[in-house]
Amino acid sequence: MAELAKILIVDDNPKYLADALPMYGYEVAVAKDGIQALKILSKDSASINLVLLDVMMPNMNGWDTLKAIRTGEKTKTLPVIMITAVSEEQKIVSGLKIGADDYIVKPFILPNLLARIEAVLRRSNWNKKDAKSVDISFTSDEPIEMLTQREKEVLSLVAKGASNHDIAEKLFLKEVTVKTHLNSVFKKLKVSNRTQAVLLGMQMNLISE
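Residues numbered from 1 in each chain as written. Predicted model: local features only at pLDDT ≥ 70, side-chain atom pairs only at ≥ 80, totals over all residues. Heavy atoms only, no water.

**With respect to the overall build of the protein**
Alright, step 1. Summing up its helical and strand segments, the protein has nine helices and five strands in all.
Alright, step 2. Reading the protein from its N terminus to its C terminus gives the helix and strand order β-α-β-α-β-α-β-α-β-α-α-α-α-α.
Alright, step 3. For the protein, the residues scored as buried account for 47% of the 209 residues in total.
Alright, step 4. Counting only carbon and sulfur atoms, one obtains 51% of the accessible surface of the protein, whose full area is about 11400 Å². (Helix = DSSP H or I, 4+ residues; strand = E, 2+ residues; numbered from the N terminus. Buried < 20%, exposed > 50% of the residue type's maximum accessible area, 1.4 Å probe, protein only. Areas by Shrake-Rupley, 256 points an atom, 1.4 Å probe, with all protein chains shown as cover.)

**Structural notes on the pattern of salt bridges**
Alright, step 1. Evaluated as defined, the whole model comprises eight salt bridges.
Alright, step 2. For K76, the salt bridge goes to E73, with nearest N and O atoms at 3.2 Å.
Alright, step 3. Here E73 falls in the exposed class, since its relative accessible area comes to 63%. (Salt bridge = Lys/Arg side-chain N within 4 Å of Asp/Glu carboxyl O.)

**Points about the side chain of T75**
Alright, step 1. As for its position among the elements, T75 is in the loop between helix 3 (62-71) and strand 4 (80-84).
Alright, step 2. Within the structure, the side chain of T75 is placed 2.6 Å from the backbone oxygen of I69, a separation counted as a polar contact.
Alright, step 3. Once residues lying within four places of it in the same chain are set aside, the contact partners of T75 are L41, S45, A68, I69 and R70. (Polar contact = N/O pair within 3.5 Å; in protein donor to acceptor, adjacent residues only side chain to side chain. Contact = heavy atoms within 4.5 Å.)

**Topic: unusual backbone geometry**
Alright, step 1. Of note in this structure, N59 is not a glycine but carries a positive phi near 70°.
Alright, step 2. Note on placement: N59 falls in the loop between strand 3 (50-54) and helix 3.
Alright, step 3. Classification of N59 as exposed rests on a relative accessible area of 66%.

**Some remarks on the packing of helix 2 (residues 34-44) against helix 3**
Alright, step 1. Between helix 2 and helix 3, whose axes approach to 9 Å, the crossing angle comes to 20°. Comparing their axes, helix 3 and helix 2 come out roughly parallel. In terms of crossing hand, the pair formed by helix 2 and helix 3 is right-handed. In this structure, helix 2 contributes G34, L38 and L41 to the contact, and helix 3 contributes T65, A68 and I69.
Alright, step 2. Counted by class, the contact of helix 2 with helix 3 contains four nonpolar, two polar and no charged residues. (Axes fitted to C-alpha atoms, helices over the stretch in contact; angles between N-to-C directions. Parallel < 35°, antiparallel > 145°, perpendicular 65-115°, else oblique. Left-handed = near helix turned anticlockwise from the far one by under 90°. Nonpolar A, V, L, I, M, F, W, Y, C, P; charged D, E, K, R; others polar.)

Written as structure tokens, this is what we have:
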């Protein structure tokens, strides 16, 4: 029976990744902070193949969580990718010295993170030929309407994890206007949520870096 790589997402705002990763054939578990993550790992570390670890979290930050993972007998070799909004080189180097296998800086484009996940899993001897291949397509037989330039800009920011409030500030719009643009994107792409819109937008090369 084929097995899915299981990823533990440790993030106080995990919804985007928790929705997206299963669409690419990964099983996910979620912890909202480092303490919850360590509890999950203490009970079931054998089933976790990789940890996506956010740095800025309440109760226990990512650096301290990483140190705890690396000192645990059962988790010391568990692959960890740090997700950080901190771009200072010294802090990233410190994280790698503590034992992070890789890092990605927010805001990120989902395909970049997926490529890093695949690379780290390969290095950790994850048998990729046993993983299920998932072909995601939200297209229907009906033609899809072209997005306006503004709708593409909104969708690109959604792909980077921006909230409606963030998008409104970035594009000098009202939040209600951003919501209107998103509803139009959903209707044109014939999808029902942000994750599906982003994935289809990537397939159609609608999302810019």
